[in-house]
Amino acid sequence: MATIIDGKKISQTIKDELKEKVAEYKQNGVEIALAVILVGNDPASSVYVGNKKKACEYIGIRSLSYELPEETSEEELLTLIDTLNKDDSVNGILVQLPLPKHIEEKKVIRAISPKKDVDGFHPENVGALLIGEPGYVSCTPAGIIELLRRSNVEIEGKECVVIGRSNIVGKPMGVLLLRENGTVTVTHSRTKDLKEVCKRADILVVAIGKPMMITADYVKEGAVVIDVGIHRKEDGKLCGDVDFSSVEPVAGAITPVPGGVGPMTIAMLMKNCVDSISLLS
Ligand code: NAD
């Protein structure tokens with residue numbers, strides 16, 4: 001029986017710590033504001049944006065909402081970002097992805113000032129992470145490190161295997177585990193003998209985007225398994241990239257879906273907004 005790593009509870013603790021910090025800032029006349037931009041009406045994106053705004057409200061961060069129509073041009077979006085970059089009362093700028101097809105995501109990510117890039121997607125912040133300099137770190141992998149830390153999972157010297165090499169999860173995850181002195185292997189769709197590689201892991205982070213792909217035969221007895229995936233099944237329930245009922249009896253600890261990595265992503269976004277006070281100065 002694995003220990004269940006409760007991301008909902010840990011994220012709540014983090015949000016409460018941040019709430020206190022924000023109140024202290026407010027007493028000293030410092031207010032934090034996050035600009036949230038949503039283009040179009042993708043239902044999943046609307047839910048994510050709504051949850052981010054709710055978290056801002058809870059913590060005491062002012063959220064400025066920009067809900068733009070699907071047909072918004074790239075130029076219009078870039079103009080808005082430029083205005084927000086120049087606005088000293090705005091600490092963070094978040095553009096909810098994915099964007100409509102006629103807008104180039106890369107261009108938009110680069111347009112956000114690295115000092116306001118609370119998602120940690122700008123090449124300058126990604127580069128800073130790689131060489132261990134201060135900057136914003138992508139929220140999902142940062143949240144996973146925090147989950148491990150607050151669950152007393154030691155990373156130093158451990159075999160860490162990440163499945164997936166996306167820019168927002170897999171790659172930064174590998175770098176962060178390395179920064180914590182883990183021995184890191186990043187695997188992907190071309191990895192040979194994936195099962196064998198995964199079976200070496202003391203800590204297995206799964207970010208593949210394939211519902212319930214990882215079963216017990218990928219997992220070493222007692223390993224810590226972190227499931228990043230999130231999918232809605234036909235019956236309406238959520239599941240991850242890990243087949244929870246198969247893996248849970250083998251793992252030492254495991255994150256559930258929902259209630260594992262997801263809530264941590266938002267908590268770390270809030271942390272990045274609060275950290276903007278020191279990073280902006
Ligand atoms: P992505 O599609 O960008 O990347 C998937 C990665 O998995 C790729 O690097 C690919 O090489 C690898 N992959 C695909 N098939 C594979 C296979 N058969 N074997 C080994 N590797 C394979 O996805 P992403 O953005 O990194 O997201 C991964 C999952 O995490 C998705 O389900 C996404 O919805 C979820 N996600 C959750 C959160 C959260 O807050 N919980 C945040 C971001 C992403």
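Look up a bit, the structure's there.
Chemist: Sorry, what's going on with the overall build of the protein chain here?
Modeler: If you tally the helices and strands in the protein chain, you get 10 helices and 11 strands. Against the 2.2 N^0.38 benchmark of 19 Å for 281 residues, the protein chain shows a C-alpha radius of gyration of 19 Å, consistent with a compact globule. Dimensions of the protein chain, computed from C-alpha atoms along their principal axes, come out at roughly 50 × 40 × 40 Å. A total of 281 residues make up the protein chain; the buried ones form 48% of that total. Total accessible area computed for the protein chain in this model is approximately 13,900 Å², and 51% of it derives from carbon and sulfur atoms. Here the protein chain contributes 34 positively and 40 negatively charged side chains, and the mean placements of these two sets differ by 2 Å.

Chemist: How do you make sense of the packing of aromatic side chains when you look at a structure like this?
Modeler: Geometry of an aromatic ring pair is reported as the spacing of the ring centres plus the angle between the planes. Applying the stated criterion to the full structure yields zero aromatic pairs. Across from the ring centre of Tyr58, 6.0 Å away, lies the NZ or CZ of Lys15, which sits over that ring. When the ring centre of Tyr58 is taken as reference, the NZ or CZ atom of Lys19 above it lies at 4.1 Å.

What counts and how
Residues numbered from 1 in each chain as written. Predicted model: local features only at pLDDT ≥ 70, side-chain atom pairs only at ≥ 80, totals over all residues. Heavy atoms only, no water. Helix = DSSP H or I, 4+ residues; strand = E, 2+ residues; numbered from the N terminus. Rg over C-alpha atoms; globule rule 2.2 N^0.38 Å. Buried < 20%, exposed > 50% of the residue type's maximum accessible area, 1.4 Å probe, protein only. Areas by Shrake-Rupley, 256 points an atom, 1.4 Å probe, with all protein chains shown as cover. Lys, Arg positive; Asp, Glu negative; His and termini not counted. Charge placed at Lys NZ, Arg CZ, Asp CG, Glu CD. Phe/Tyr/Trp six-rings, centres within 6.5 Å; stacked < 30°, edge-to-face > 60°. Lys NZ or Arg CZ within 6 Å of the ring centre and 35° of its normal.

Worth remembering: the numbers are spatial, not functional.
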